[in-house]
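# Notes for the structure review
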Amino acid sequence: MLGRILYNIIGRKQALPEDELNARADAGGILLETGPLAEKTGRVFRRSVRIRQVDAGSCNACEWECIALTNPVYDIQRFGMDFVASPRHADILLVTGPVSAAMANALKKTYNATPGPKLVIACGDCAKDGGIYKGSYAVTDGVGNIVPVDAFIPGCPPTPARIAAGIMKIVRASSKIK
Amino acid sequence: MARNEIYREVAPEEFRQECSKLFDGGRGRLRLMFASDNRETGEGFCIHAVFSHPGKNLFEILALKNLEEKKGVIVFPSITSVVPAAHWYERQIADMFGLLPEGHPDPAPLVLHGLYPPGVYPLRRDISHKEIRESLDLDKEDLSPFMEVKGEGICEIPVGPVHAGIIEPGHFRFSAVGETVYYLDARLFFTHKGIEKQFEGMDFDEGVKLAERISGVSSFAHSAAYCHAVERAADTSIPGRAGAIRTFLLELERLYNHLGDIGNMCAGTGFAIGYAKGASLKEGLMRLNEQLTGSRYLRGVNIPGGVLVDVLKNPAETLRMVDGITAQFKSFIAFLTGASSHMERLENAGVLARDIALSLGATGIAARASGLDDDIRRAHPHLYYGQLIFETHTRRKGDVFARMMLRADEAACSLAILKSILHKAKGKRLEGDIAAQPVKKIPESGQALGYVEGPRGSIFYYVRGGGDKNKKPLRVKPRAASFCNWPLMPFAVHGNIVPDFPLINKSFNLSYSGSDA
Ligand code: SF4
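None of these values were measured; they are calculated from a predicted model. (Residues numbered from 1 in each chain as written. Chains lettered and ligands numbered in written order. Predicted model: local features only at pLDDT ≥ 70, side-chain atom pairs only at ≥ 80, totals over all residues. Heavy atoms only, no water.)

### A word on the overall build of chain A
Operational definition: By definition, any uninterrupted DSSP run of H or I lasting at least four residues is a helix, any uninterrupted run of E lasting at least two residues is a strand, and each is numbered from the N terminus. Using a 1.4 Å probe on the protein chains alone, a residue whose accessible area is under 20% of its type maximum counts as buried, one over 50% counts as exposed, and one in between counts as partly exposed. Throughout, a contact is declared for two residues whenever any of their heavy atoms are within 4.5 Å. In these tables, accessible area is a Shrake-Rupley quantity obtained with a 1.4 Å probe, and a residue counts as shielded only by the protein chains included in the view.
Looking only at helices and strands, one finds 6 helices and 5 strands in chain A. A buried classification covers 64% of the 178 residues belonging to chain A. In chain A, the proportion of contacts linking residues at least 24 apart, taken out of those at least 6 apart, comes to 84%. About 6,500 Å² of surface is accessible on chain A, with carbon and sulfur atoms providing 54% of the total.

As structure tokens, this is what we get:
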């Protein structure tokens, strides 16, 4: 707790304001209409979103950018978002990687362990369609082939600003749907 | 052919003895071991073992060719009993090529999980990506057994592959007595993406993009090693300025990794403010990366023949930024070393003994923190390293503390190298082009190693031309540093308490994706 307070004190000094975050994000390519988001009626996340990050065979650059979201510069906790340790506590699954064959089953299980209504965001170019690994014997060419995907954040890797802005955009869109 | 490589074909009966001679109890290091399917060129299945000679800038590569079939299986003599560092390489070869290491003490599958049917060998050149894919059963659980520890009070703690934090997937099975870890069995290769086979379908330019995506925070080291191998196989060299730029960016990559890792170790001890400071420092470096190259991960810079981005264009301005980072770095380290609650946790945790590091072929920080003086920049100087004066560092104790302090020493050294290159550029002593002729074709006779000292240790590539009318490689074998270091983990964790595992793990900071490839 004390750590958290101290963290916030140093964090605040450097944190990017939201408009600058958006300006850096170039959020244009964030796709919302790819999945069953529209069916998730009545869901209002407001300012409390819990995210479970799942690495489904990424090169790990996307994870480092997700980790950067909690550093004092991006500090996404101030927008009411945070990463959680278990899918059982999550509203959003943020999935990276092309889904390697060996992770397909684990991803499915994680998805099933997440309480509904839930959003699945594919983060990074290879999570969309396999990216550079597309066609390889050991991958399944994208998250959408394994679990239903609601939105996609492009980039290889997307910058932390883009991931943060992307999640906010997606959350807002889903909260409006009644 | 590259000048510091000797290729020598040996007979299967002599292989073990020759390897043992070159390994010399660990003084000669096994850098890489791989198989290739050279049935197209009449050499059949081959095995190569790459050793570096102690104290000399020389690699000796022993080759077995046209492996023989015994009772329907193609076999080769395992060298694990005399060169323990070969143990994973041989299991990898067995999985990927279906070549059996005769006499391996533990020939269980390594890379391919249960969902790959037996008899499918992905790296054989007569099976396509599509055929392999169709044979997979994605829902099949991997049921191969874990090492079981029996006895009173032993309990098993399974963790993963999906972990609590934002980290890569792997399954760990702790056998603990109370809080103390008795044995750790790790099942990795969840992120195996078939990259080696993909290389064979790409031309030499495209291959760089793939090399950059083997392990995120070692993107530059991997692409530099890949380009190095391609250039040497094609018998070309790169302009001096390009060499200096690669050296500069390799050090920048080392720097951001080491600082980030030092910060992450604070997360392992619950020292939030240290973690936050480290993360801010790293973020500053990521932005410097972006400013210099357009990519936070230094991607899109390397090509076979040189570099695409001239990062030494504004040396004066970059120098100012590096000076700023140096000041922050110094105060960060002073702050951490003054935090006794943090530092005390690091001492005596996760000790890796020197003899284990030596025989299992540890590399990078893991090796140097346990007293092995092994740094590719020194042992096999290339790029601009030959012209630089710099220190390499080792520590003796092999605990988490040693690994942290070693990172701090090396980060200081990287900062010094960055400055010295910038001063040279400022003084106009590094003028010239940044790229030579691009490499488009490599004949079948063109083969070479490429290597760098990456942030996590040595990275090796082997490239051989001759595929698709010489426009593609016949074989590319990448070897990430973490592939050598993962097997050390059970030894370093033994006898520690389970809650210290994240700290010990962070002190090694191994890459799953790099090792799994
Ligand atoms: S999108 Fe790019 S950076 Fe992200 S995991 Fe895939 S290859 Fe790596």
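### Some details on the packing of aromatic side chains
Just so we agree on the cut-off: When two rings of Phe, Tyr or Trp (its six-membered ring) have centres within 6.5 Å they constitute a pair, described as stacked for plane angles under 30 degrees, edge-to-face for angles over 60, and tilted for the intermediate range. Each ring is checked for a lysine NZ or an arginine CZ that lies within 6 Å of its centre and within 35 degrees of its normal; such an atom marks a charge sitting over the ring.
As enumerated under the stated definition, the model contains 17 aromatic pairs over all chains in all. Every member of this aromatic cluster is reached through a ring pair, and the members are Phe-172, Phe-174, Trp-486, Phe-501 and Tyr-512 of chain B. A cation over an aromatic ring shows up here: Lys-118 of chain A above the ring of Tyr-111 of chain A, its NZ or CZ 4.0 Å from the ring centre. Looking at Arg-187 of chain B, its charged tip hangs above the ring of Phe-146 of chain B, at a distance of 4.1 Å from the centre.

### A closer look at the domain arrangement of chain B
Residues and elements named next belong to chain B. Put simply, the rule is: Reported domain spans reflect what an automatic or database domain assignment gives. Here the quantity called buried area is the accessible surface, traced with a 1.4 Å probe, that two parts lose on coming together, added over both. Think of a salt bridge as a Lys or Arg side-chain nitrogen and an Asp or Glu carboxyl oxygen that are within 4 Å of each other. Polar contacts here mean pairs of N or O atoms no more than 3.5 Å apart (in protein, one a potential hydrogen donor and the other a potential acceptor; neighbouring residues in sequence count only if both atoms are side-chain atoms). Residue polarity is assigned by list, with Asp, Glu, Lys and Arg as charged and Ala, Val, Leu, Ile, Met, Phe, Trp, Tyr, Cys and Pro as nonpolar; anything else, Gly included, falls into the polar class.
When the domains of chain B are assigned, the result is domain 1 (5-110) and domain 2 (195-515). The C-alpha centroid of domain 2 is placed 27 Å from the C-alpha centroid of domain 1. Between domain 1 and domain 2, the residue contacts involve 30 residues of the former and 31 residues of the latter. Here domain 1 packs against domain 2, burying approximately 2,500 Å² in sum over the two surfaces, 59% of which is carbon and sulfur. Glu-5 is the partner of Arg-232 in a salt bridge, and the nearest nitrogen-oxygen pair spans 2.4 Å. Counting every contact that joins domain 1 to domain 2 gives 10 residue pairs in polar contact (both at pLDDT 80 or more). When residues of the side of domain 1 that touches domain 2 are traced back to their parent elements, those giving at least two are strand 1 (5-9), strand 2 (29-38), strand 3 (44-52), strand 4 (59-64) and helix 2 (87-97). It is strand 2 that provides the largest number of residues to the side of domain 1 that touches domain 2, a total of 8 residues. Tallied by class, the residues present in the side of domain 1 that touches domain 2 amount to 15 nonpolar, 9 polar and 6 charged.

### A look at the state of the cysteines
Basically, it comes down to this: Whenever a pair of cysteine sulfur atoms sits within 2.5 Å, that pair is classed as a disulfide.
Counted according to the given criterion, the structure contains 0 disulfides over all chains. Residue Cys-19 of chain B stays outside any disulfide, its sulfur separated by 14 Å from that of Cys-46 of chain B, the closest cysteine.

### Some remarks on the sheet that holds strand 2 of chain B
Residue and element names in this part refer to chain B. This is how it is decided: At least two bridges found by DSSP between two strands are what make those strands a pair. Axis lines are fitted to C-alpha atoms, over the contacting stretch for helices. Their N-to-C directions set the angle, which ranges from 0 to 180 degrees.
One open sheet accounts for 4 strands, arranged 1-4-3-2; its pairing is mixed. Looking at strand neighbours, the two that pair on one side only are strand 1 and strand 2, the edges of this open sheet. Geometrically, the sheet is characterised by an average inter-axis angle of 20° between neighbouring strands, direction not taken into account. Sheet topology places strand 2 next to strand 3; 9 bridges connect them, and they run antiparallel.

### Comments concerning the pairing of strand 10 (residues 180-187) of chain B
Residue and element names in this part refer to chain B. Strand direction decides the pairing type here: strand 9 (residues 171-177) and strand 10, joined by 7 bridges, are antiparallel. Note that in strand 10 the partner of Val-177 across the bridge is Thr-180. In this antiparallel pair of consecutive strands, strand 9 and strand 10, the connection spans 2 residues, and Gly-178 shows a positive phi of 65°.

### Side note on the side chain of Asp-37 of chain B
All names here are of chain B. The residue Asp-37 is located in strand 2 in this model. For Asp-37, the side chain forms a polar contact with the side chain of Arg-39, separated by 2.8 Å. Of note is the side chain of Asp-37, whose polar atom sits 2.7 Å from the backbone nitrogen of Arg-125. When residues no more than four places from it in sequence are discounted, the contact partners of Asp-37 are Gly-44, Phe-45, Phe-97, Leu-123, Arg-124, Arg-125 and Asp-126.

### A short note on the interface of chain B and chain A
Put simply, an interface is often sized by how much accessible area is lost when its parts join up. Taken residue by residue, the interface counts 54 residues in chain B and 56 residues in chain A. With both chains or domains summed, chain B and chain A bury close to 4,300 Å², and 60% of this area falls on carbon and sulfur atoms. When the buried area of chain B at its contact with chain A is split by residue, Arg-133, Ile-166 and Lys-193 of chain B rank highest and sum to 17% of it. Our count for the chain B to chain A interface comes out at 4 salt bridges.

### A look at helix 1 (residues 12-23) of chain B
Residues and elements named next belong to chain B. Just so we agree on the cut-off: Any helix carries an expected span of 1.5 Å times its number of residues minus one. By arc we mean the arc of the directions from the helix axis to the C-beta atoms, nothing more.
Taking 1.5 Å of rise per residue, the 12 residues of helix 1 would be expected to cover 16 Å, and the 17 Å separating its terminal C-alpha atoms lies within 8% of that figure. Among all positions of helix 1, only Phe-15, Glu-18, Cys-19, Leu-22 and Phe-23 are buried. Along the axis of helix 1, the buried residues cluster in a sector spanning 130°; they form a single face. Relative to its buried face, helix 1 has exposed residues pointing more than 90 degrees away, namely Glu-13, Gln-17 and Lys-21. On its buried face, helix 1 is in contact with strand 1, strand 2, strand 3, strand 4, strand 6 (73-77) and helix 11 (354-359). Where helix 1 ends, the next residue or the one after it, Asp-24, has phi of about 50°, a positive value.

### Here's the deal with the packing of helix 7 (residues 240-268) of chain B against helix 8 (residues 272-293) of chain B
Residue and element names in this part refer to chain B. The cut-off we apply is this: Comment on the angle field: the value is read as roughly parallel under 35 degrees, roughly antiparallel over 145, roughly perpendicular from 65 to 115, and oblique elsewhere. In this scheme the handedness of a crossing depends on how the near helix is turned from the far one: anticlockwise by less than a right angle means left-handed, clockwise means right-handed.
At a minimum axis distance of 7 Å, the contact between helix 7 and helix 8 shows a crossing angle of 160°. What the angle tells us is that helix 7 and helix 8 run roughly antiparallel. The two elements helix 7 and helix 8 cross, and the hand of that crossing is left-handed. Across the interface between the two elements, Phe-248, Leu-249, Leu-252, Leu-255, Tyr-256, Leu-259, Gly-260, Gly-263, Asn-264, Cys-266 and Ala-267 of helix 7 pack against Gly-274, Tyr-275, Gly-278, Leu-281, Lys-282, Leu-285, Met-286, Leu-288, Asn-289, Leu-292 and Thr-293 of helix 8. Residues that form the contact of helix 7 with helix 8 fall into these classes: 14 nonpolar, 7 polar and 1 charged.

### Points about the site of the ligand
Short version of the rule: By convention in these notes, a residue is near a molecule or strand provided one of its non-hydrogen atoms lies within 4 Å of it.
In the vicinity of the ligand there are 13 residues, among which Ser-58, Cys-59, Cys-62, Cys-126 and Cys-156 of chain A approach most closely. Chain contributions to the surroundings of the ligand come from chains A and B. Counting only elements with at least two residues in the shell around the ligand, the list comes to helix 3 (61-68) and helix 5 (125-129) of chain A. Classifying every residue of the shell around the ligand gives 7 nonpolar, 3 polar and 3 charged.

### Notes on unusual backbone geometry
Residue Gly-116 of chain A is joined to Pro-117 of chain A through a cis peptide bond whose omega torsion reads -10°. When you line up the elements, Pro-117 of chain A lands in the loop between helix 4 (101-113) and strand 4 (119-123). Not every positive phi belongs to a glycine, and Asp-141 of chain A is a case in point at roughly 60°. One can find Asp-141 of chain A in the loop between helix 5 and strand 5 (151-153). One non-glycine residue, Lys-428 of chain B, lies in the positive phi region at around 55°. Tracing the chain through its elements places Lys-428 of chain B in the loop between helix 14 (400-426) and strand 13 (447-454).

### Considering the environment of Ala-151 of chain A
One can find Ala-151 of chain A in strand 5. Between the alpha carbons of Ala-151 of chain A and Gly-124 of chain A there is a distance of 11 Å; along the sequence they are 27 residues apart.

### Observations concerning the environment of His-113 of chain B
Note that His-113 of chain B resides in the loop between strand 7 (99-102) and helix 3 (129-135). Classification of His-113 of chain B as buried rests on a relative accessible area of 6%. The spacing of His-113 of chain B and Glu-90 of chain B is 23 residues in sequence and 16 Å in space, taken between C-alpha atoms. The residues touching His-113 of chain B, leaving out its near neighbours within four places in the chain, are Ala-102 of chain A together with Asp-142, Arg-187, Leu-188, Phe-189 and Phe-190 of chain B.

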